[in-house]
Amino acid sequence: MPGVGTRSPEEGIGERLKRLQERYESLATRLLLLGIFVMGMAAQFVKPVGDALEGKAFLGSALLSLVAYVLYDTLKDVAASLRTPSRTQVKSRDLGSFVTEAFEARNVEISFLGYTGETLYHALHHRLEGFFDDPGPTRKVTIRFLVPDFRQPMIVPSKVGENGKPEDDAEFRKRLELKCQEYDRALSAIAERLTMLGRVTADCEYRFYPGIPRDKICIFNRELVLHGLYDVVARTMGFSTEPEYYDPKGYRTDLNVWSRKDDDDSRTAVATWNKHFDDLWSLADIPPWHRGPAA
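Analysis parameters
- Residues numbered from 1 in each chain as written.
- Predicted model: local features only at pLDDT ≥ 70, side-chain atom pairs only at ≥ 80, totals over all residues.
- Heavy atoms only, no water.
- Helix = DSSP H or I, 4+ residues; strand = E, 2+ residues; numbered from the N terminus.
- Expected span 1.5 Å × (residues − 1).
- Buried < 20%, exposed > 50% of the residue type's maximum accessible area, 1.4 Å probe, protein only.
- Arc of directions from axis to C-beta.
- Core = buried A, V, L, I, M, F, W, Y, C linked by side-chain atoms within 4.5 Å.
- Polar contact = N/O pair within 3.5 Å; in protein donor to acceptor, adjacent residues only side chain to side chain.
- Salt bridge = Lys/Arg side-chain N within 4 Å of Asp/Glu carboxyl O.
- Pairing = 2+ DSSP bridges.
- Axes fitted to C-alpha atoms, helices over the stretch in contact; angles between N-to-C directions.

**Student:** Residues and numbers for helix 8 (residues 264–283), please.
**Tutor:** Each α-helix winds once per 3.6 residues, and so residues spaced three or four apart point in a common direction. With 20 residues, helix 8 should reach 28 Å at 1.5 Å per residue; the first-to-last C-alpha distance of 29 Å fits that figure. Among all positions in helix 8, only Ser266, Arg267, Ala269, Val270, Trp273, Asn274, Phe277, Asp278 and Trp281 are buried. Angular distribution of buried residues about the axis of helix 8 spans 165°; they occupy a single face of the element. Turned more than 90 degrees off the buried face of helix 8, the exposed positions are Asp265, Ser282 and Leu283.

**Student:** Account for the nonpolar core, naming residues and giving values.
**Tutor:** The biggest cluster of nonpolar side chains holds 45 residues, and the ones touching the most others in it are Phe103, Leu124, Leu128, Val141, Phe220 and Leu226. No other element matches helix 7 (residues 170–197), which puts eight residues into this core.

**Student:** Explain the side chain of Arg222 to me, and be specific about the residues and the numbers.
**Tutor:** One can find Arg222 in the loop between strand 7 (215–220) and strand 8 (224–229). The class of Arg222 is buried, set by a relative accessible area of 11%. Within the local environment of Arg222, its side chain forms a polar contact with the side chain of Asp278, the two groups lying 2.8 Å apart.

**Student:** Residues and numbers for the pattern of salt bridges, please.
**Tutor:** What the rule picks out here adds up to 19 salt bridges. Measuring nitrogen to oxygen at the nearest pair gives 3.9 Å for the salt bridge that ties Arg175 to Glu171. Taken together, the residues Arg175 and Glu171, both in helix 7 and four residues apart, mark about one turn of the helix. Given the relative accessible area of 53%, Glu171 is considered exposed. Across the pair Asp215 and Arg214 runs a salt bridge whose closest N-O atoms are separated by 2.7 Å.

**Student:** An account of unusual backbone geometry is needed here, citing residue identities and associated values.
**Tutor:** Pro157 follows Val156 through a cis peptide bond whose omega is 0°. Assignment of secondary structure puts Pro157 in the loop between strand 3 (140–148) and strand 4 (158–160). The phi torsion at Asn221 lies on the positive side, around 55°, for a residue other than glycine. Structurally, the position occupied by Asn221 is in the loop between strand 7 and strand 8. With a phi close to 60°, Arg222 is a non-glycine residue in the positive phi region.

**Student:** Describe the sheet that holds strand 6 (residues 201–209), listing the residues and the values that go with them.
**Tutor:** On the basis of which strands lie adjacent, the open sheet formed by seven strands has the order 1-11-8-7-2-3-6 and mixed pairing. Looking at strand neighbours, the two that pair on one side only are strand 1 (89–91) and strand 6, the edges of this open sheet. Sheet twist, expressed as the average angle between the axes of neighbouring strands with direction ignored, equals 15°. Across seven bridges, the pairing between strand 2 (residues 107–113) and strand 3 is parallel.

Here you go:
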């Protein structure tokens, strides 16, 4: 697994070229406009130049280039104001569109840290099954889920006790663990079948981290990070005479968006989240029920 800040030579060159373009584009455009103006004026008043360029229409072009030169900054500001702003916050129900975009890459890597991963699971299950008909450009898929260690006593999720105090409920935790086990087995089964067919090499795995489900993090191809906070005091009713439970609702969680294609602050945030996830993954426990090979 590449560490934070590890970039391929192509990525490094591409980012440097992008920075150079942003730095010198304005200067180059101004010099070009100014050059057209000077050349046009020279063609109009210096006969040898005008004869060489064969035309007197350069005066109009020169004047237009001068106007463009003067209004360049204004035009840039107008263009910037009309540009569609990048997404800064999305709903958890929008995860499907991010999954679809991620699967346009040749090597797909999707990482999740949160509660059970139910919302992301459904989007991934549908997308992976589509590979049997058409894998598109994708040749390798790595999917990692980090969920709380439901085998340990917890305050969230838990039963709502007297005066709203959380009370650990082993049975409720077991239900959640079985749900994650179901998701792990379903995704791993699809991954195994795809790998056996030879179209795509795929690996899906759940691991446990210690703690409560506070953060919801989705990382797509190490380039795009979505992060939000669960409502840890959200409640749900149990069946029949069962009590209420502290049970975060992941599908209601708003997610902030960071992309390495944006500014330096966003690139730094993406690198930080990648490292944070990688570190937790290396320390996480592999459930005994995981059916696939350990990543």
